[in-house]
Amino acid sequence: MLEEAVARRVFPGAALAVGWRGSLVAWKGFGYFTYEAESPEVRRETVWDLASLTKPIATTSMAMLLYERGKLDLDAKVAGLLPDFVSGDVLQSGWREEITVRMLLAHSSGLPAHRKLYLGANGREAMLRAARRVELEAAPMERAVYSDIGFILLGELLERIAGERLDEFCQNEIFSPLNLNMRFAPYPIHLEGVPPTANDTVYRGRVVQGEVNDENASALGGIAGHAGLFGDALGVAQFAECMLRKGKPLFRPETVALFTARRREPEGSSRALGWDTPSSPSQSGGRFSEQSFGHLGYTGTSLWCDAERRLSVTLLSNRTWPDASNQGIKELRPPLHDAIINALENG
């Protein structure tokens, strides 16, 4: 199916890793870095821009560890941790004062999905200041709206609590202990051997390769709570295995259970804390159990974990090359996940 997807130009290349019952049963690269004839071949070890997989693997994991250590109260008010988050507008201030860390994690704060902060702010501090001033689109807990802005703020407040930069904390406390091939690429670092994600003719005026694709994360210097992490399919699968082992050796089982359980409110939400769960229809297909959790990334990345089956499926690609207009991956993911489960369970 992935070879056919490359042939149909769903993406130039991809890497797949499947973990099942504690074993790595698949790990393979497909296709090429780009559609050009002389493009390098994707290997299974190829490193990718993980895009929004940054949210669960890095930012949420940092929140989990700080929560376990008693440093992070999930019901703490964001305004108490980021004082200038409260707007001067009376209605907005009333709403904003209600927003908690838990709401940022569950995408129920009322913040919008996205704002092009990079067009009006210059430098990391200016970007963070702009993020703190983004107006709400709804009252807290009124609805669930997946928000990059919320995770930019979450990343900043976690850094303040830890007294350490997000990338440094994650390297020391998550990636190194689990021996993951993962890292951020702070400006001006460009990672070698990474497939390009876009030919950016609008904002950066160059091919984006070895640096974060997301413009807001780029303007933040490559380190952000919502995007910026790079890694290979094996590293993502190894992290998934930690989660499927109920957190061993990094987290407590009750912490994993808390963060991966679907929220009951707001009504209609499929979100957990920093994770998503299968909705109907789901990019995870129709076979994942109710004990499942996962996440997608804009560049064409995804991770889905089924705690009941002890199954993880990691799919990494650069479907955004060259201009993000190709949405074919949405039709590929569900049947691919179904086919993997059928192959494992039916032989």
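Use the structure listed above.
Residues numbered from 1 in each chain as written. Predicted model: local features only at pLDDT ≥ 70, side-chain atom pairs only at ≥ 80, totals over all residues. Heavy atoms only, no water.

Let's talk about unusual backbone geometry
The omega torsion across K248 and P249 is 5°, close enough to zero to call that bond cis. With respect to the secondary-structure elements, P249 resides in the loop between α10 (233–244) and α11 (253–260). With an omega of -5°, the peptide bond running from E265 to P266 counts as cis. Mapped onto the elements, P266 comes out in the loop between α11 and β8 (292–297). Residues other than glycine seldom take positive phi values, yet K246 does so here, at roughly 60°. Within the secondary structure layout, K246 lies in the loop between α10 and α11. (Helix = DSSP H or I, 4+ residues; strand = E, 2+ residues; numbered from the N terminus.)

As for the environment of L166
Residue position: L166 is located in helix α8 (residues 166–178). In this structure L166 comes out as buried when scored by relative accessible area, which is 1%. Spatially, the C-alpha atom of L166 lies 7.5 Å from that of A224, the residues being 58 residues apart in sequence. When near neighbours in sequence (up to four residues on either side) are disregarded, L166 contacts T59, M62, E159, F184, I223, A224 and G225. (Buried < 20%, exposed > 50% of the residue type's maximum accessible area, 1.4 Å probe, protein only. Contact = heavy atoms within 4.5 Å.)

Re the packing of aromatic side chains
Aromatic rings considered in pairs are described by the distance between their centres and by the relative angle of their planes. Scanning all chains against the criterion turns up five aromatic pairs. Consider the rings of Y67 and F259, whose centres lie 6.0 Å apart with planes at 65°: the pair is edge-to-face. You can see Y67 sitting in helix α2 (residues 54–68) and its partner F259 sitting in helix α11, a full 192 residues away along the chain. Note on Y67: relative accessible area 32%, which makes it partly exposed. With a centroid separation of 4.5 Å and an interplanar angle of 55°, the aromatic rings of Y118 and Y203 are classed as tilted. Within this pair, whereas Y118 is found in the loop between α5 (101–105) and α6 (124–132), its partner Y203 is found in the loop between β5 (198–200) and β6 (206–208), the two being separated by 85 residues in sequence. Note on Y118: relative accessible area 10%, which makes it buried. (Phe/Tyr/Trp six-rings, centres within 6.5 Å; stacked < 30°, edge-to-face > 60°.)

Observations regarding the sheet that holds strand β9 (residues 301–306)
Spatial strand order, β2-β1-β10-β9-β8: five strands in an open sheet with antiparallel pairing. The two strands at the open ends of the sheet, each matched to only one other strand, are β2 (23–31) and β8. Put simply, the sheet's adjacent strands are angled 5° from each other on average, direction ignored. When strand β1 (residues 13–20) meets β2, the two strands line up antiparallel, connected through eight bridges. Bridge assignment links W20 to a residue of β2, and that residue is S23. Contacts from α10 reach β1, β2, β8, β9 and β10 (311–317) within the one sheet, and its direction differs from that of β10 by about 155°. (Pairing = 2+ DSSP bridges. Axes fitted to C-alpha atoms, helices over the stretch in contact; angles between N-to-C directions.)

Brief notes about the nonpolar core
L105, L157, F175, F239 and F251 are the most contacted members of the largest nonpolar core, which totals 81 residues. If one sorts the elements of this core by residue count, α10 sits on top with eight residues. One finds L2, L311, L332 and I340 within the second-largest nonpolar core, a separate group that totals 21 residues. (Core = buried A, V, L, I, M, F, W, Y, C linked by side-chain atoms within 4.5 Å.)

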